[in-house]
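# Overview (structure and organization)
Each chain is listed here by its residues.
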Amino acid sequence: MTAGTSPATRIAVFDTTLRDGEQSPGCSMNRVEKIRLAHQLQRMNVDVIEAGFPVASPGEWESVHAIASEIRNCSIAGLCRTREADITAAAKALAPAARPRIHVFIATSDIHLEHKLRMSRPEVLRQAVEAVRLAKSLAPEVEFSAEDASRSDYGFLREVVAAVHGAGADVVNIPDTVGYAVPEEYGAIFAALVKDVPGVVLSAHCHNDLGLAVANSLAAVRNGARQVEATINGVGERAGNTALEEFVMALKVRSGNYGFSTRVKTEEITHASHMLASITGIWPQPNKAIVGRNAFAHEAGIHQHGVIKNPLTYEIMTPESVGAGESLLVLGKHSGKHAIESRLEALGIELEPEEIEQVTARFKELADRKKFIYDEDLLALVANAPERRARLIRYQVVSGNALLPTASVELEIDGETRSASAVGNGPLDAALRATDTALGLELELVDYHTRAVTVGKDAQAEVVVRVRYGEMEVTGHAASTDSIEAALKAYLSAVGSARARSEGVAA
Ligand SMILES: [Zn+2]
């Protein structure tokens, strides 16, 4: 198949970062973060944004509803089981969307039918059809997913696909839910369905358990799929989903081979990747295709020499084509609120006036400590939720390899000043123990990530922590040129979110 002179067939890109991606460990986001990412997905021009699973919780419903209200240029999907309550909740959450899409799923493999659903094939078929009919009466676009399709009996899968297509499903998704398929086999399912169910629009949804998610998605489009489901940085359950950036760039770089295109603005890929990573604290591995830190780095002298003479010697795509040009030196100490606002806009971030004030204040603090402020610094400042309820006034740590690390902290908690000291098995441990004592709370540090935001010894350390507080797990972020201060502020920001959430305030 070649592109020839005819226009390339368009493949729809369905982004599920906010649903499949968000349900993976450490990737949970609050409403404000989800909306910020949804705007970036719109800017990147994906066709569909799956905003969440509305019936899962009131908070999830609110997030889907908010995204449906704000995003105009993409279809907004909400996931549902075949239950009526799921479908009506999704329809309500999606109602404000320009193009609402109800996405219904039920498993079709015998292993799921026997062990999970405890249902017979005819029951599954009946529920699938009824759910699609109901969804179609409530939304203009309906997608149906046959969960674990790749391990389902083909005859039964074909029967379900034909039935839901007949019941009005606009798109039928054939997921490789467990990441078990290999490209030839997965492609063959699509080829067969295209032949056996004329007129059906098929979608691929792959997991990366064998590292084959992108290869399987490409095999699917080669054999008739016209939609591919993917996530930014390939985040998702277990080993993750099809990486959106890899799939899109494979079609673009090898367009002569595939003859397919997407409407994605590839120059927005790096922004999207950085935004997701700075929200979750989970950065792609350095050698990750397209978005890893080293994806466009040429170290070997002979390679560098070649690239300088002509980039095509070793480069199959330019960094600029995915928006990964030189990190810009953006702002200095004397930059004002408007300069910060316009730079943030260029990075695709729109904030409320009150948030701009907060970011500007944090920017000024940072500019006193750090000479050069890069885009990444700015993104880190935005990602850091302000400390609510509990604020770090000062801390002091005495540490060394021949003495017992000791820390004292002074906090302002709900307007009251409290201080405490503690010893620990390192400076950070001592500082966090002192903070717990000052807060008077029992907290557990579940996860801790840190990284340098930019190059240089004066780079900011960005810290993302995950803290368990009672039954709740919350994430906190902070960045500072002082890594212990960043950790304490991240910890306090998590505590603030947890307390706000436990009191029913939107976090
Ligand atoms: Zn999935």
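Residues numbered from 1 in each chain as written. Predicted model: local features only at pLDDT ≥ 70, side-chain atom pairs only at ≥ 80, totals over all residues.

### Here we look at the sheet that holds strand β7 (residues 171–176)
Read around the barrel, 8 strands follow the order β2-β3-β4-β5-β6-β7-β8-β9 and close on themselves; strand pairing throughout is parallel. Averaged over all adjacent pairs, the angle separating strand axes in this sheet is 25°, with direction ignored. Sheet analysis places strand β2 (residues 12–15) next to strand β3 (residues 48–52), joined by 2 bridges and oriented parallel. Bridging from a neighbouring strand, Asp 15 pairs with Ile 49 of β3. Contacts from helix α6 (residues 121–138) reach β5 (99–107) and β6 (141–147) within the one sheet, and its direction differs from that of β5 by about 170°. (Pairing = 2+ DSSP bridges. Helix = DSSP H or I, 4+ residues; strand = E, 2+ residues; numbered from the N terminus. Axes fitted to C-alpha atoms, helices over the stretch in contact; angles between N-to-C directions. Contact = placed C-beta atoms within 7 Å.)

### Focus: the pairing of strand β17 (residues 461–469)
The buried count for β17 comes to 7 of 9 residues, which makes it a mostly enclosed element. Relative to β17, strand β16 (residues 444–452) runs antiparallel, the two sharing 8 bridges. Within the sheet, the bridge partner assigned to Asp 447 lies in β17 and is Arg 466. Taking the residues that link successive antiparallel strands as the turn, the β17-strand β18 (residues 472–480) hairpin has 2 residues, and the phi of Gly 470 there is positive, at about 60°. (Buried ≥ 20, exposed ≤ 12 C-beta atoms within 10 Å, placed from the backbone.)

### So, the domain arrangement of the protein
Interfaces are often sized by the accessible area lost when the parts come together. Considered domain by domain, the protein is made up of domain 1 (9–280), domain 2 (295–325), domain 3 (329–383) and domain 4 (390–502). The gap between the C-alpha centroids of domain 1 and domain 4 is 38 Å. (Domains from an automatic or database assignment.)

### Points about the environment of Val 453
The topology assignment puts Val 453 in the loop between β16 and β17. Residues Val 453 and Tyr 374, 79 residues apart in the sequence, show an inter-C-alpha distance of 9.0 Å. Contacts of Val 453, omitting those with residues within four sequence positions, involve Glu 376, Asp 377, Ala 380, Ala 459, Gln 460, Glu 462 and Ala 479.

### Describing the nonpolar core
Among the nonpolar cores identified, the biggest contains 145 residues, and Ile 49, Ile 76, Val 104, Ala 431 and Tyr 491 are the most heavily contacted of them. Of all the elements, helix α18 (residues 483–502) adds the most residues to this core, at 10 residues. Sequence-distant contacts of Tyr 491, defined by excluding residues within four places in its chain, comprise Leu 432, Thr 435, Val 465, Val 467 and Gly 476. (Core = buried A, V, L, I, M, F, W, Y, C linked by C-beta atoms within 7 Å.)

### With respect to helix α8 (residues 183–196)
Working note: α-helix, 3.6 residues per turn, so residues spaced by three or four point in the same direction. Between its first and last C-alpha, α8 extends 20 Å over 14 residues, near the 20 Å set by a 1.5 Å rise per residue. Along α8, the residues classified as buried are Tyr 186, Gly 187, Ile 189, Phe 190 and Leu 193. Projected onto a plane normal to the axis of α8, the buried residues spread over an arc of 150° and lie on a single side. Exposed and facing more than 90 degrees away from the buried side of α8 are Glu 184 and Lys 195. (Expected span 1.5 Å × (residues − 1). Arc of directions from axis to C-beta.)

### Quick look at the sheet that holds strand β13 (residues 390–398)
Across the sheet, 3 strands lie side by side as β13-β14-β15; this open sheet has antiparallel pairing. A strand with exactly one partner marks an edge of an open sheet, and here the two such strands are β13 and β15 (416–423). Averaged over all pairs of adjacent strands, the angle between strand axes in this sheet comes to 15°, irrespective of strand direction. Here 8 bridges tie strand β14 (residues 406–413) to β15, and the two strands are oriented antiparallel to one another. Its bridge partner lying in β15, Ile 413 is registered against Glu 416.

### A short note on the packing of helix α3 (residues 58–70) against helix α4 (residues 84–94)
Running from N to C, α3 and α4 point in directions that differ by 40°, and their axes come no closer than 7 Å. In terms of axis orientation, α3 runs oblique to α4. For the pair formed by α3 and α4, the contact residues are Trp 61, Val 64, His 65 and Ala 68 on the first element and Ala 89, Ala 93 and Leu 94 on the second. When its residues are assigned to classes, the contact of α3 with α4 shows 6 nonpolar, 1 polar and no charged. (Parallel < 35°, antiparallel > 145°, perpendicular 65-115°, else oblique. Nonpolar A, V, L, I, M, F, W, Y, C, P; charged D, E, K, R; others polar.)

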